[in-house]
There are 4 protein chains.
Amino acid sequence: MLRFNCDYCEGAHPRILEKLTQTNLEQTAGYGNDPYCRQAAELIKQQCNAPQAAVHFLCGGTQTNLTVLAACLRPYQSIISPVSGHINVHEAGAIEATGHHIEPLPQEFGKITAAQIARVCKAHWEDDNPEFAPQPRTVYISFPTEYGTLYSLQELKEIRRVCDENHLFLFIDGARLGYGLTAPGNDVTLQDIAVLADVFYIGGTKIGALFGEAVVITNPKLQKDFRYFMKQKGAILAKGRLLGIQFLTLFEDRLYLQLARHANEMAMIIQKACQQAGLKFLYDSPTNQQFPVLPNDMLATLEETYSFAHMGCVDKNHSAIRICTSWATRPEDVAQLTADILKLSGK
Amino acid sequence: MLRFNCDYCEGAHPRILEKLTQTNLEQTAGYGNDPYCRQAAELIKQQCNAPQAAVHFLCGGTQTNLTVLAACLRPYQSIISPVSGHINVHEAGAIEATGHHIEPLPQEFGKITAAQIARVCKAHWEDDNPEFAPQPRTVYISFPTEYGTLYSLQELKEIRRVCDENHLFLFIDGARLGYGLTAPGNDVTLQDIAVLADVFYIGGTKIGALFGEAVVITNPKLQKDFRYFMKQKGAILAKGRLLGIQFLTLFEDRLYLQLARHANEMAMIIQKACQQAGLKFLYDSPTNQQFPVLPNDMLATLEETYSFAHMGCVDKNHSAIRICTSWATRPEDVAQLTADILKLSGK
Amino acid sequence: MLRFNCDYCEGAHPRILEKLTQTNLEQTAGYGNDPYCRQAAELIKQQCNAPQAAVHFLCGGTQTNLTVLAACLRPYQSIISPVSGHINVHEAGAIEATGHHIEPLPQEFGKITAAQIARVCKAHWEDDNPEFAPQPRTVYISFPTEYGTLYSLQELKEIRRVCDENHLFLFIDGARLGYGLTAPGNDVTLQDIAVLADVFYIGGTKIGALFGEAVVITNPKLQKDFRYFMKQKGAILAKGRLLGIQFLTLFEDRLYLQLARHANEMAMIIQKACQQAGLKFLYDSPTNQQFPVLPNDMLATLEETYSFAHMGCVDKNHSAIRICTSWATRPEDVAQLTADILKLSGK
Amino acid sequence: MLRFNCDYCEGAHPRILEKLTQTNLEQTAGYGNDPYCRQAAELIKQQCNAPQAAVHFLCGGTQTNLTVLAACLRPYQSIISPVSGHINVHEAGAIEATGHHIEPLPQEFGKITAAQIARVCKAHWEDDNPEFAPQPRTVYISFPTEYGTLYSLQELKEIRRVCDENHLFLFIDGARLGYGLTAPGNDVTLQDIAVLADVFYIGGTKIGALFGEAVVITNPKLQKDFRYFMKQKGAILAKGRLLGIQFLTLFEDRLYLQLARHANEMAMIIQKACQQAGLKFLYDSPTNQQFPVLPNDMLATLEETYSFAHMGCVDKNHSAIRICTSWATRPEDVAQLTADILKLSGK
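Residues numbered from 1 in each chain as written. Chains lettered and ligands numbered in written order. Predicted model: local features only at pLDDT ≥ 70, side-chain atom pairs only at ≥ 80, totals over all residues.

> Would you mind going over the sheet that holds strand β3 (residues 77-82) of chain A with me for this structure?
What holds strands together in a sheet is hydrogen bonding between their backbones, with the strands either parallel or antiparallel. Residue and element names in this part refer to chain A. Across the sheet, 7 strands lie side by side as β2-β8-β7-β6-β5-β3-β4; this open sheet has mixed pairing. Edge positions in the open sheet fall to β2 (54-58) and β4 (102-105), since each of these has one partner strand only. Strand-to-strand twist of the sheet, defined as the mean angle between neighbouring strand axes without regard to direction, takes the value 25 degrees. Both strand β6 (residues 169-173) and strand β7 (residues 199-203) contribute to a ladder of 2 bridges, which runs parallel. (Pairing = 2+ DSSP bridges. Helix = DSSP H or I, 4+ residues; strand = E, 2+ residues; numbered from the N terminus. Axes fitted to C-alpha atoms, helices over the stretch in contact; angles between N-to-C directions.)

Below, the structure is given as structure tokens:
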């Protein structure tokens, strides 16, 4: 079975395991207070061009989202999110369990707009009794989105402006950040993200690490006492250096972007094959997740060999799937898949 | 200024104040452990035809909703609610602050359907990883709804069936229950509600009491330890008898339903006048809340004399309002209002 | 049965019921946005000599404590409290349910000292990893304490100084504030409390009101958005004026202090009788709660006529009880009780 | 600098890294739904002699504690814990942030007794208003304790009996379980733990793994929906197999116990040297943590070469420290340390 169902089917990029093995018997302080975490944080701040930022390493996406949002909000404050946002649909109510209301906005291609955000705020503050509804305080978006799509730099700047006008933090979920930064047509840089977001994270789990997300907090208000939040949520790893070593490896010579670029290239090959096969797509994604719509019999045949994620029925005879590539996707596997798609489509 | 903006502009029905005054210097146990609370609970159970029910008295709607839902749910479980449900829009995130996700469903006239609920459950349980989303466990509806509309007995029975099939509690918010029970065309009785809901409440604040909601728990699973939830939420009144005395007065000779019926009658007079004036309505409500759409200039003139709740612009020249009547609404005030509406409309 | 078991056995002072009856059919805005609440708040600010304070009216003690502490704390911050503090022992975990750790300090006569508080803070901040423990942020004390005892002005000033030195809010639970202010030997005024505390409340439930606590917030940091907290906790009463009217009545001509003084006087008569009877006391209380230790057979006889609160066995033959007086305690009942105590003690 | 300050200064036992490297490019399902997790769970169940148990893998101790306790408790229920319990002092209020009160009991050598637990329950249930205090529902103890001490089998059986009598779950924190099981004088087996506890965990982070705790749930009531709790707390690792592989390696040929035994042996050598040096101990620990009391000047000299954890001043001239050994502690480092201790003590 060849897995294309997600971007975390394998372990880590081999250089990470090598580095973990090399350093294995060194003794260091725990909880992220070690030289590797410090170096990795320095490197990330440099590459973000954000010397004043605080960088913390956490273990996974849901953990990161719930910890960051706890730090962003007082109890009565809410998060504006696309209805399709990971926090709204795939985290088992983690944010609400932290006490916060999510205000879900209709999404288009996984995205929301500055105008939508502004409308929510206007409605809140113009109400006779604003205190009867949760107070909007943070905007949550993903780059790339759940559907692999990207915000343009212009779109992000407009969202930032609306955030400034409405006293909102902007939190960018970067679980797949690298895939976005290296996507064809993308015009947003890591430095842009660091300027525009109050806090964001650089996902490692889905791009080459065993596990790990690097939270970059550029807004000083959110930096204060962040480690208390981490500890309280069980998000300080005892052997914190494991995270530092991984991110150091990923960022030392831009391995991170290189791995992401590879995945995108593999995805583009699959995209092209699907197009040649005459398949439609749910979303027009330039990143490592592709969402083609397949005839059910074609899907059934493919699934004898390949594993995909299911996105639901489109009509009686067609289903949408998600095909994921990753740093570890082998060109020969992609070649086999695309050949099969073309063959089955009769093209 | 004549207030029609809500149904709690005045104090309590005079008999309630008389009874509070009569009993004022009696000494009783606190916290609801007094004879008045016991008698009121007995009476309510009788009128519900639910001898096995537990009845508790709380102070207000939001407090009741958050306390009841805490008792209905484990931390990872969610509430299915119309998007317009009071808990979703007017309680400052009280339910999320208690840790729970609300699954908002599109509403029609403030209502949701059994089929919608069934679809949500099906989607949840058919997912490959159901544990990645909150687990549906309780359905929250209001009778009447936020928009004054009513579920038919048939609709409620279908919702109950879907709840049974999907292991869901049914919680009916009855902040305005009396108005629903006595509405023209309603076919649902208090006894029906007690059979169909696992837990519901009988609103006193909006129908004749100074304050107070009587929670009726028919499902034994939800009865256990309910007073712990109340205490933890600050919902056990020290001088609990104040609530017992009020509900005893309201239920002793069906005063409750009589007061509600009066409010509905006043509302129907207003409804008819609006219809005669050629006004449209946002919702077709048979209860004490009416939602006419007025020309803006007509509204401006009326608001020199009357106070309404605003429901937003309908178009450039029209706005929707809410007109509320209550047990305390005086026929002469309604006569004046309807005369003014007709006059201003030129009818 | 004559009840001396608590200070909320009766309803309200008659003038409160009269005022509620007089104003009953007036129409006002809801949620505390009415003239009575405004006037009551004004009056309280004047009598506190705190024109910049914000005053809010809530329904009961637990509700007030959990709402105020939610406003005082970020999620990782804790409350320093005497181990005997109401929030630590009698609120069903309401504060923890709001997400916060209570740091219980050993109490003496219900009180804690500035030195104890300073030690907790020192230990926290000197730890190598302070973020591994909750961060002390608020001191909670009661005036009078659970045991009827009082802090001296000097003691409160020292606690305030330690709070200033350690970036701590000081929250004074005044559920029985009036009894403290009017106690023999007390040297603390309402104005002192307003200067020393960041936030405190004036208890109405236990001193003459049907229900109600007036929260006085002197620290502007805690004033912001407080009504969101109230709404989220179900602590905004729909007919908010009921609270305004009650506090207006209590503060218009210092009725509040007069009622408290009466209760204290009744308590002193009981105290003296117990002393004459040779009884010891658990605590030396100058307020309306007295804690004598009685021979078990004497207690059994008294309990045929009187109701007390039990404080536990002291030894095989003796038990401690709490005797409470209130604004409603009748001198003739006290005379009867003290006569019986003296008679049974053979004095 | 030689680190004896904790038992997680190094990475993982080399066989774990080898196994991770070997399996690195395999493709498996995520979230713990992989063959390695299944095999590891099977092996653990076998070695626990608990075929009906559920085994889940989480990342760290605080995460595990807060997730397990969320599953054990309704919102109003509390945890009985030694005041020195990790959840009470070193988790930044993680349990309270989950909504629960911890009832801290005085500890002796880090332990609590069945009699203490019984007294707490008796006091709760005999109260006139038990619902005014959190309801005891779970006992939390650690094996070994924070101070390296152990419960005897008899003590654990008595605690179990009291739990049965009082409707309490027993949760045993086994962050250092292996050190306890292999300690000289210990009479408790892994199978005993599985019989006595409703839920416990086998700590990997502190005994040979990179990270990871294996939760063993023997009580079926706690098994239901446990993965929802995990997901909601961010405790399902995307590449879950990383945990399965580690525990498989640790349990395949009892490597786990072997590593723990080594650490204990190293600790006993240090213990003996301290005794020979005439040092006293805070606690009499048979496991990998030793708590000697040192003259301050001796400590200062040792700290030029070694790193310890500080346990506070004992008197003006003496301080207590914690010396930890681990699976990775080298005999030559222990030899050097003990030689230095003896030399500095003049023995």
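Further notes follow.
> Is there a simple way to think about the interface of chain A and chain D in this case?
Think of interface size as the accessible area that goes away when the parts come together; that is how it is often given. Facing the 41 residues of chain A at the interface are 41 residues of chain D. Among the elements of the structure, α1 (14-22), α3 (61-72), α5 (94-97) and α11 (226-232) of chain A are those that each provide at least two residues to the side of chain A that touches chain D. Here the side of chain A that touches chain D gets 4 residues from one element, more than from any other, and that element is α1 of chain A. Across the side of chain A that touches chain D, the residue classes break down as 20 nonpolar, 14 polar and 7 charged. (Contact = placed C-beta atoms within 7 Å. Nonpolar A, V, L, I, M, F, W, Y, C, P; charged D, E, K, R; others polar.)

> Looking at this structure, how should I read the relation of the copies chain C and chain B?
One copy of the chain maps onto the second through a rotation around an axis plus a translation along that axis. You can overlay chain C on chain B at an RMSD of 0.0 Å; the transform is a turn of 180 degrees with a shift of 0.0 Å along its axis. In short, the pair behaves as if placed about a two-fold rotation axis. When you check the interface residues of chain C against chain B, 100% turn up at the interface there too, and the contact is symmetric in its surfaces. (Least-squares fit on C-alpha atoms with pLDDT ≥ 70 in both.)

> Sorry if this is basic, but what is going on with the interface of chain C and chain B here?
At the interface, 41 residues of chain C touch 41 residues of chain B. For the side of chain C that touches chain B, the elements supplying multiple residues, two or more each, are α1 (14-22), α3 (61-72), α5 (94-97) and α11 (226-232) of chain C. A total of 4 residues in the side of chain C that touches chain B trace back to one element, the largest contributor, which is α1 of chain C. When the residues that make up the side of chain C that touches chain B are grouped by side-chain class, the tally is 20 nonpolar, 14 polar and 7 charged.

> Would you mind going over the sheet that holds strand β5 (residues 135-142) of chain D with me for this structure?
Residue and element names in this part refer to chain D. What the 7 strands build is an open sheet, ordered β2-β8-β7-β6-β5-β3-β4; its pairing is mixed. Each end of this open sheet is capped by a strand with a single partner; those strands are β2 (54-58) and β4 (102-105). Strand-to-strand twist of the sheet, defined as the mean angle between neighbouring strand axes without regard to direction, takes the value 25 degrees. With respect to the sheet, helix α6 (residues 114-126) is in contact with β3 (77-82), β4 and β5, its orientation differing from that of β5 by roughly 165 degrees.

> Quick question: what am I supposed to make of the relation of the copies chain A and chain D here?
Mapping chain A onto chain D leaves a residual RMSD of 0.0 Å; the transformation is a rotation of 180 degrees accompanied by 0.0 Å of translation along its axis. Most of the interface of chain A is mirrored in chain D: 100% of its interface residues are interface residues there too.

> What's the story with α3 of chain C in this structure? I'm lost.
Every α-helix carries 3.6 residues per turn, so stepping three or four residues along brings you back to the same face. Residues and elements named next belong to chain C. The terminal C-alpha atoms of α3 lie 16 Å apart, and with 12 residues this matches the ideal 16 Å at 1.5 Å per residue to within 8%. For α3, the buried fraction is high: 12 of the 12 residues fall into the buried class. Turning to α3, its buried residues number three or more, namely Gly61, Thr62, Gln63, Thr64, Asn65, Leu66, Thr67, Val68, Leu69, Ala70, Ala71 and Cys72. (Expected span 1.5 Å × (residues − 1). Buried ≥ 20, exposed ≤ 12 C-beta atoms within 10 Å, placed from the backbone.)

> I'm lost on the domain arrangement of chain A in this one. Help?
All names here are of chain A. Segmenting chain A into domains produces domain 1 (2-6 + 256-345) and domain 2 (14-254). Between the C-alpha centres of domain 1 and domain 2 the distance comes to 28 Å. Each partner contributes residues to the interface: domain 1 has 18 residues there, and domain 2 has 22 residues. The element that contributes the greatest number of residues to the side of domain 1 that touches domain 2 is helix α13 (residues 255-276), accounting for 9 residues. (Domains from an automatic or database assignment.)

> Help me out: how do you make sense of the environment of aspartate 34 of chain C in this one?
All names here are of chain C. Here aspartate 34 is to be found in the loop between α1 and α2 (35-48). Of the residues examined, aspartate 34 has 23 C-beta atoms within 10 Å and is grouped as buried. A sequence separation of 205 residues divides aspartate 34 from lysine 239, and the C-alpha atoms of the two residues are 9.2 Å apart. Discounting residues that sit within four places of it in the chain, aspartate 34 has contacts with Thr28, Ala29, Gly240, Arg241 and Gly244.

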